[in-house]
Amino acid sequence: MKPADEVASLREQIRRHDYLYYVVAEPEISDRDYDKLLRRLRDLEDAHPDLITPDSPTRRVSGEAIEGFAHVDHALPMMSVDNTYSEEELRDFDRRVRKLLEDRPFDYVVDPKIDGVAVSLRFEKGRLALAATRGDGRVGDDITANVRAIRSVPLTLRGKGHPDVLETRGEIFWPWAAFHAVNEKREEGGLARFANPRNATTGTLKQLDPSVVAERGLQFVAHGFGVIEPWPRDAGTHSEMSALLREWGIPVSSAQRRCAGIDAVWAFVNEFGAMRANLPYETDGLVVKVNAFDARDQLGATSRAPRWCIAYKYAAAQAQTRLIGVDYQVGKTGQITPRARFEPVLLAGTTVRHASLHNFDQVDRLDVRIGDLVTIEKAGEIIPQVVAVDHDARPADAQMIERPTRCPECGAPVEKDPDGVYVRCVNPACPAQVRERLIYFCGRDQMDIEGAGEKMVEILLDHGLVRTYADLYRLADRRDGLLQLERLGEKSADNLLEGIERSKRQPLARVLASLAIRHIGASNAELIANHFGDIDAILGADSEAIQEIDGIGPEAAASLRKWLDGDTGRSVIEGLRAAGVNMTQPRSATPTSGAIVGKSFVVTGTLEKYKRSEIEGLIKQNGGKVASSVSKKTDFLVVGADAGSKLEKARSLGVTTLTETEFERLLSS
Ligand SMILES: [Zn+2]
């Protein structure tokens, strides 16, 4: 293929995969294969610079720092939305709308109110021309360079028939998974964790270096419109316009709902309220809008907000209580974090006694003392945190929160990270660190040892049955000792031993990620293991060679090298190797032929032979896809015991169901 043709084909493929990932939410390839396409395109463009175009997927980040943010006038103002907090207020809104519309029929369209940063995106002739913040509604900041770095924003629109000018408005937000992953990396690097996704999104969009934005995993979702010229003829309602946006490659929330009237809206408020805690992003409510654009015109706006739109906000889970003490917790890499202990208080339906204070810089920032009246908040799936202190109500005997100078668990001296906020215990034999590291090692996202939860690890430590990772693999020889443990029946002992045995086959990436080496989390471990293929190659590589891997920075490379060269590192690796733990990374070539290639699977019920993650891994390894819910696009439903609604749905849609045995037969056919 000629380079120009290959470049065009790669760009087309990458755009299609962006669309499948962000708009349809049904990715067809792994992140790694996506990265391969991007790398191939970048290599070709490097070799043929004349083929570079500004809208190429490789040009999301310009590589140059931004000088500042120019002001942008919004052609149509970005108005704010009035808030309501009760059913009564919502029904009042509906009464006003009906009266103004003089009883003409209409329906509502409801979007989740995602907690992010409001922006406007302007596409001209199908290309992203301008991205701006809301600002004061009339004048915002030009953040185009940063928004280009967000992969869910298309640089060019898909398909045909888009207006010459298309301005869509929506929210840039930080999904929980990407937010947690970045926080984990920051913590490993000794940097402060971001407290909440919304504020951190605002901060990210103010960065002068778009490559920082690119690394954070922000996303965009559209929920409104600005200037559109010419207006598409077949888009008389918000729902219809949203469907067009999706076709053109712009993400719209999959939770968007059309509601025939206010009763349906209220039912959705309740339904959404129940599922909102489990969504992959933070929401604080719903936005209810009259669907038809001509009805909106009839309703108009007040000086502040449109009359056809209102937000329903769920009550924030906040409570006030008194801080009665601070515990010091020592983490797996020795970082000492303060944890607030307070008078028990009811918060979002559960009794809460503790909240994280994150680090001692945060303690200073809040100016919090023991005895203070504090406000705690629970947002999304985050553990409760102290968000405010009532300084006026401070009792005279309030006590300062001391920074520890010695480890509270082992008494060793502590050090502050030179470039970060954490105070660390520097004793690698610290019992608290040993415990935390073992718990982490066995965890689901690391070696995934079933039966070795936090409690079990503590029991094993207390009875002197394990101290090192390798000791876990010697437990099989000490089954009698295990059985003497209180309350540990034969069945759970065997379950534990089986889980340990099974973990020996984990790929090298998992092994590396489970060792609690600073800067080496799951994603870096994956890159390193894939690059080197086995542990000996890694042991033989110097820091420069490790750094050559795309995506591995100097800190991560140096940290890994230092750990491997230390006494602990060597003996850990040799111990695990001697115990029979796999030290290689399977070459992952996704098969292109086979009965299940390209087929979409859903798994439901309790399986006998596989853990859920195992069967899903097997499907993916063999080229199939795994979805979480049954739809018309599902090819097979693998059914275990006690299958419920998914089985019913599959039957009603005529989806083929498979038992485990039938699945195995299909796999080997
Ligand atoms: Zn210690």
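All values derive from a computational prediction rather than experimental measurement.

On to unusual backbone geometry, then. Backbone torsion omega between glutamate 229 and proline 230 reads -10°, so that peptide bond is classified as cis. With respect to the helices and strands, the residue proline 230 is situated in the loop between β8 (219-229) and α8 (238-247). Positive phi is not limited to glycine here, since aspartate 103 has a value of about 60°. Within the secondary structure, aspartate 103 is located in the loop between α3 (87-100) and β3 (108-114).

Turning our eyes to something else, we now look at the confidence of the model for the protein chain. With 98% of its residues at a pLDDT of 70 or more, the protein chain has an overall mean of 89. Ranking the elements of the protein chain by mean pLDDT puts helix α23 (residues 612-621) last with 76 and strand β7 (residues 165-173) first with 97.

Bringing the sheet that holds strand β20 (residues 625-626) into the picture now. Overall, parallel pairing links the four strands, which are arranged β20-β19-β21-β22 in an open sheet. The open sheet terminates on both sides in strands that have one partner only, identified here as β20 and β22 (656-658). Where strand β21 (residues 636-639) and β22 come together, three bridges link them in parallel fashion. Bridge assignment links leucine 637 to a residue of β22, and that residue is threonine 657. Relative to the sheet, α23 contacts β19 (600-604), β20 and β21, its axis offset from that of β19 by approximately 170°. Lying over the sheet, helix α24 (residues 645-653) contacts β19, β21 and β22, oriented at roughly 145° with respect to β21.

A separate point is the coordination of the zinc ion. Protein coordination at the zinc ion: the donors are Cys407 (SG), Cys410 (SG), Cys425 (SG) and Cys430 (SG), at 2.3 to 2.4 Å from the metal. Mapped onto the sequence, the residues coordinating the zinc ion show the spacing C-x2-C-x14-C-x4-C. Under the relative-accessibility criterion, cysteine 425 is labelled buried at 3%. Of the residues examined, cysteine 430 reaches a relative accessible area of 0% and is grouped as buried.

This next bit is on the domain arrangement of the protein chain. If you check the domain split of the protein chain, you get domain 1 (3-59), domain 2 (73-313), domain 3 (318-416), domain 4 (431-503), domain 5 (508-578) and domain 6 (600-668). Domain 2 and domain 4 are separated by 48 Å when their C-alpha centres are compared.

A separate point is the environment of lysine 160. Within the fold, lysine 160 resides in the loop between α4 (144-148) and β7. Once the C-alpha coordinates of lysine 160 and leucine 527 are considered, the two residues, 367 residues apart in sequence, prove to be 38 Å apart.

Bringing the packing of helix α21 (residues 554-565) against helix α22 (residues 567-578) into the picture now. Packing of α21 against α22 brings their axes to within 4 Å, and their N-to-C directions diverge by 75°. Our classification of the angle between α21 and α22 gives roughly perpendicular. Only Asp567, Gly569, Arg570, Val572 and Ile573 of α22 make contact with α21, whose side of the interface consists of Arg561, Trp563, Leu564 and Asp565. Residue composition of the contact of α21 with α22, grouped by class: four nonpolar, one polar and four charged.

Once that is clear, we can look at the environment of arginine 158. Inspection of the secondary structure puts arginine 158 in the loop between α4 and β7. Here arginine 158 falls in the partly exposed class, since its relative accessible area comes to 29%. A sequence separation of 142 residues divides arginine 158 from arginine 16, and the C-alpha atoms of the two residues are 8.6 Å apart. Each residue touching arginine 158, except ones within four places of it in the same chain, is listed here: Arg16, Tyr19, Glu247, Trp248 and Gly249.

Moving on to the environment of alanine 292. With respect to the helices and strands, alanine 292 occurs in the loop between β10 (283-290) and α10 (293-299). Considering only alpha carbons, one finds alanine 292 and isoleucine 114, 178 residues apart in sequence, at a separation of 22 Å. When near neighbours in sequence (up to four residues on either side) are disregarded, alanine 292 contacts Gly236 and Thr237.

Inspection of the secondary structure puts threonine 237 in the loop between β8 and α8. The class of threonine 237 is buried, set by a relative accessible area of 16%. Excluding residues that lie within four positions of it along the chain, threonine 237 makes contacts with Asn291, Ala292 and Phe293.

To continue, consider the sheet that holds strand β2 (residues 83-84). With respect to topology, five strands assemble into an open sheet ordered β2-β11-β10-β3-β9, the strand pairing being mixed. Every interior strand has two partners, whereas the edge strands, β2 and β9 (257-259), have only one. Pairing between β3 and β10: seven bridges, direction antiparallel. The partner of tyrosine 108 across the bridge, within β10, is valine 290. Set on the sheet, α3 makes contact with β2, β3, β10 and β11 (309-313); between it and β11 the angle comes to about 170°. The strands that helix α9 (residues 262-275) touches are β3, β9, β10 and β11; relative to β10, the one it contacts most, it runs at about 165°.

What counts and what doesn't
- Residues numbered from 1 in each chain as written.
- Predicted model: local features only at pLDDT ≥ 70, side-chain atom pairs only at ≥ 80, totals over all residues.
- Heavy atoms only, no water.
- Helix = DSSP H or I, 4+ residues; strand = E, 2+ residues; numbered from the N terminus.
- pLDDT = per-residue confidence, 0-100.
- Pairing = 2+ DSSP bridges.
- Contact = heavy atoms within 4.5 Å.
- Axes fitted to C-alpha atoms, helices over the stretch in contact; angles between N-to-C directions.
- Donors = N, O, S within 2.8 Å, 3.2 Å for Na, K, Ca; no water.
- Buried < 20%, exposed > 50% of the residue type's maximum accessible area, 1.4 Å probe, protein only.
- Domains from an automatic or database assignment.
- Parallel < 35°, antiparallel > 145°, perpendicular 65-115°, else oblique.
- Nonpolar A, V, L, I, M, F, W, Y, C, P; charged D, E, K, R; others polar.

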